[in-house]
Amino acid sequence: MSRFLSEKYASLVPYTPGEQPRDAQYIKLNTNESPFPPSPGVVAAAEREARRVNLYSDPECKLLKDAAAKLYGVEPQNVLPVNGSDEILYFAFLAFGDEQNPFAFADISYGFYPVYAQFCKVPNREIPLTSDFSIDYRDYLGLSEQILIANPNAPTGTCLPLWQIEEIVRANPDRVVIIDEAYIDFGGESCVPLTKRYDNLLVIQTFSKSRSLAGARLGFGIGCEALIRDLNTVKYSINPYNVNRMTQAAGVAAIEDDAYYREKAQTIMRVREETTEQLCALGFTVLPSTANFVFAKSDRLSGEELYQSLKSRGVLVRHFTKERIKDFCRITIGTREQMQTLITTIQAILAEKGSSR
Ligand SMILES: *Cc1c(COP(=O)(O)O)cnc(C)c1O
């Protein structure tokens, strides 16, 4: 730290993104990206728009907002496009959090939540997952904090049904309930329709996981007009041109190519079930997943051992050192071929371990 860094950031511990190696020597199953390229229409739209980058992007994201509103079945004033859904999480902590309005979220969830809380000086309470690593919705009824839930949760992959989300929203009428649906397209039921009936529900979605646009940075907030207006107040106080031209155009095209992405999500769900079976056959415990990853624990290798051995053989997965989950690795679902390589690599690691006993 330089001698100029403000006191207020002296103890800040930033988020650690998953490794992004610049060479292609790894099978990358560590950051929940899609293994599939964007649709051809998305590439063409981004290329066309690249010719106009001398001009600022539309701060209102009009075309994108209209397209997204149709996709989600809401009105344009209920949608806020953002530079990756991380950005709207940041806006939400700024808009709805302070000393009097702390946040509550699960002890095992998206690692960015506590970072934003600390950065935005919003006190937070962590609610423990149950012993089977799921969220018990009854732990979230009548809270005195704003509520933030990833559904499906990460890195565990488990999902709450819509009626339990509705119970939480209904039982906290004077609290903002934020549901982060980053992985909802892989088998969960979205709570977007509830935003029409509840003015305290903010839903967050991203095009990073199911729509092959992680590198373009595009996310959305969906909620009642007043909540979206609050978030816009924050946005226009930070960066009005937060979504660049190529990404706005790519987003519109991705929505037009909805069928392409639905088909890819179906493939990933099928491969997820195959991978789960194969891991179980190798002695793994695999949490039931409704996401594009599985959270798995070997009966013979520690999480760290599995992560390191896979990495040295060219397969990257994500390992977290937090005590409660240190035996697990989070494995992104790639193509069928990539997952076959993962399985044969694990077999080789286990065989080597067995012969050294
Ligand atoms: C990946 C992820 C995000 C961030 O997605 P971006 O849109 O790429 O910023 C947000 N929440 C959860 C739970 C995620 O896993």
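Residues numbered from 1 in each chain as written. Predicted model: local features only at pLDDT ≥ 70, side-chain atom pairs only at ≥ 80, totals over all residues. Heavy atoms only, no water.

1. So, the nonpolar core
- In this structure, Leu-64, Tyr-72, Tyr-140, Ile-168, Leu-201, Phe-207 and Phe-220 are the most contacted members of the largest nonpolar core, which totals 52 residues.
- Take this core: its biggest share by element is six residues, from helix α7 (residues 245–256).
- Residues lining this core come from more than one domain, with at least three contributed by each of domain 1 (7–36 + 259–355) and domain 2 (40–257).
- Within the second largest apolar cluster, 34 residues are counted, among which are Ala-265, Val-294, Ile-331 and Ile-343. (Core = buried A, V, L, I, M, F, W, Y, C linked by side-chain atoms within 4.5 Å. Buried < 20%, exposed > 50% of the residue type's maximum accessible area, 1.4 Å probe, protein only. Helix = DSSP H or I, 4+ residues; strand = E, 2+ residues; numbered from the N terminus. Domains from an automatic or database assignment.)

2. Topic: the site of the ligand
- With respect to spatial proximity, the complete set of residues near the ligand consists of Gly-84, Ser-85, Asp-86, Tyr-110, Asp-180, Ala-182, Tyr-183, Thr-206, Ser-208, Lys-209 and Arg-217.
- Asp-180 has a polar side-chain atom sitting 2.6 Å from a nitrogen atom of the ligand.
- Contacts to the ligand include Tyr-183, whose side-chain N or O atom sits 2.5 Å from an oxygen atom.
- Here the residues of the shell around the ligand are counted per class, giving three nonpolar, four polar and four charged. (Near = heavy atom within 4 Å. Polar contact = N/O pair within 3.5 Å; in protein donor to acceptor, adjacent residues only side chain to side chain. Nonpolar A, V, L, I, M, F, W, Y, C, P; charged D, E, K, R; others polar.)

3. Here's the deal with the domain arrangement of the chain
- On domain assignment, one finds that the chain holds domain 1 (7–36 + 259–355) and domain 2 (40–257).
- Here the C-alpha centre of domain 2 lies 24 Å away from the C-alpha centre of domain 1.
- Listed as interface residues are 33 residues of domain 1 and, on the opposing side, 38 residues of domain 2.
- Here domain 1 packs against domain 2, burying approximately 2900 Å² in sum over the two surfaces, 63% of which is carbon and sulfur.
- Looking only at domain 1, the three residues that lose the most surface to domain 2 are Tyr-15, Tyr-261 and Arg-324, adding up to 28% of its buried area.
- Taken together, domain 1 and domain 2 are joined by two salt bridges.
- A salt bridge links Lys-322 to Glu-126, with the shortest nitrogen-to-oxygen separation between them at 3.9 Å.
- Counting the contacts that link domain 1 with domain 2 gives 15 residue pairs in polar contact (both at pLDDT 80 or more).
- Secondary-structure elements contributing two or more residues to the side of domain 1 that touches domain 2 are α8 (258–281), β10 (293–298) and β13 (328–332). (Contact = heavy atoms within 4.5 Å. Buried area = accessible area lost by both parts, 1.4 Å probe. Salt bridge = Lys/Arg side-chain N within 4 Å of Asp/Glu carboxyl O.)

4. A short note on the sheet that holds strand β5 (residues 146–150)
- Strand order in the open sheet formed by seven strands is β2-β8-β7-β6-β5-β3-β4, with mixed pairing between adjacent strands. Edge strands, defined here as strands with exactly one partner in the open sheet, are β2 (79–82) and β4 (124–127). Ignoring strand direction, the axes of neighbouring strands in this sheet form an average angle of 20 degrees.
- Two strands pair when backbone bridges link them, and strand β7 (residues 201–206) and strand β8 (residues 219–223) are joined in this way by five bridges, in the antiparallel orientation. Note on β8: the bridge partner recorded for Val-203 is Ile-222.
- Strand contacts of helix α6 (residues 225–238): β2, β7 and β8, with the helix running at about 30 degrees to β2, the strand carrying the most contacts. (Pairing = 2+ DSSP bridges. Axes fitted to C-alpha atoms, helices over the stretch in contact; angles between N-to-C directions.)

5. A few points about the pairing of β2
- A two-sided burial pattern is seen for β2, the buried positions comprising Val-79 and Pro-81 on one face and Leu-80 and Val-82 on the other.
- Relative to β8, β2 is paired through four bridges, and the arrangement is antiparallel. Residue pairing in the sheet places Pro-81 in a bridge with Phe-220 of β8.

6. So, unusual backbone geometry
- For the bond running from Asn-151 to Pro-152, omega is -5 degrees, close enough to zero to count as cis.
- Along the polypeptide, Pro-152 turns up in the loop between β5 and α5 (162–170).
- With an omega of 5 degrees, the peptide bond between Ala-154 and Pro-155 qualifies as cis.
- Relative to the helices and strands, Pro-155 resides in the loop between β5 and α5.

7. Observations regarding α7
- With twelve residues, α7 should cover 16 Å at 1.5 Å per step; its first-to-last C-alpha distance of 17 Å lies within 8% of that length.
- The complete set of buried residues in α7 reads Arg-245, Thr-247, Gln-248, Ala-249, Ala-250, Gly-251, Val-252, Ala-253, Ala-254 and Ile-255.
- Each element contacted by the buried residues of α7 is listed here: α1 (40–50), α2 (62–72) and α8.
- Where α7 begins, the capping side chain belongs to Asn-244, and its oxygen is found 2.9 Å from the backbone nitrogen of Met-246. (Expected span 1.5 Å × (residues − 1).)

8. Let's talk about the environment of Gln-100
- Of note, Gln-100 is situated in the loop between α3 (85–96) and β3 (103–106).
- It is 8.7 Å that separates the C-alpha atoms of Gln-100 and Pro-123, two residues lying 23 residues apart in sequence.

9. A word on the packing of aromatic side chains
- What the rule picks out here adds up to 20 aromatic pairs.
- Geometrically, the ring pair formed by Tyr-90 and Tyr-116 is stacked, given 5.5 Å between the ring centres and 15 degrees between the ring planes. Highlighted residues: Tyr-90 in helix α3 and Tyr-116 in helix α4 (residues 112–119), separated in sequence by 26 residues.
- Among the residues examined, Tyr-116 registers a relative accessible area of 10% and is labelled buried.
- Judged by centre distance (4.3 Å) and plane angle (20 degrees), the ring pair of Phe-93 and Phe-103 falls under stacked. Of this pair, Phe-93 sits in helix α3 while Phe-103 is found in strand β3, placing the two residues ten residues apart along the sequence. Here Phe-93 and Phe-103 have matching classes, each one buried.
- An aromatic cluster is present here, built from Tyr-9, Tyr-15, Tyr-90, Phe-91, Phe-93, Phe-103, Phe-105, Tyr-110, Phe-112, Tyr-113, Tyr-116 and Phe-119 joined pairwise through their rings.
- Lying over the aromatic face of Phe-207, Arg-211 brings its terminal NZ or CZ to 4.9 Å of the ring centre.
- The positively charged end of Arg-330 is found above the aromatic ring belonging to Phe-293, 5.8 Å away from the centroid. (Phe/Tyr/Trp six-rings, centres within 6.5 Å; stacked < 30°, edge-to-face > 60°. Lys NZ or Arg CZ within 6 Å of the ring centre and 35° of its normal.)

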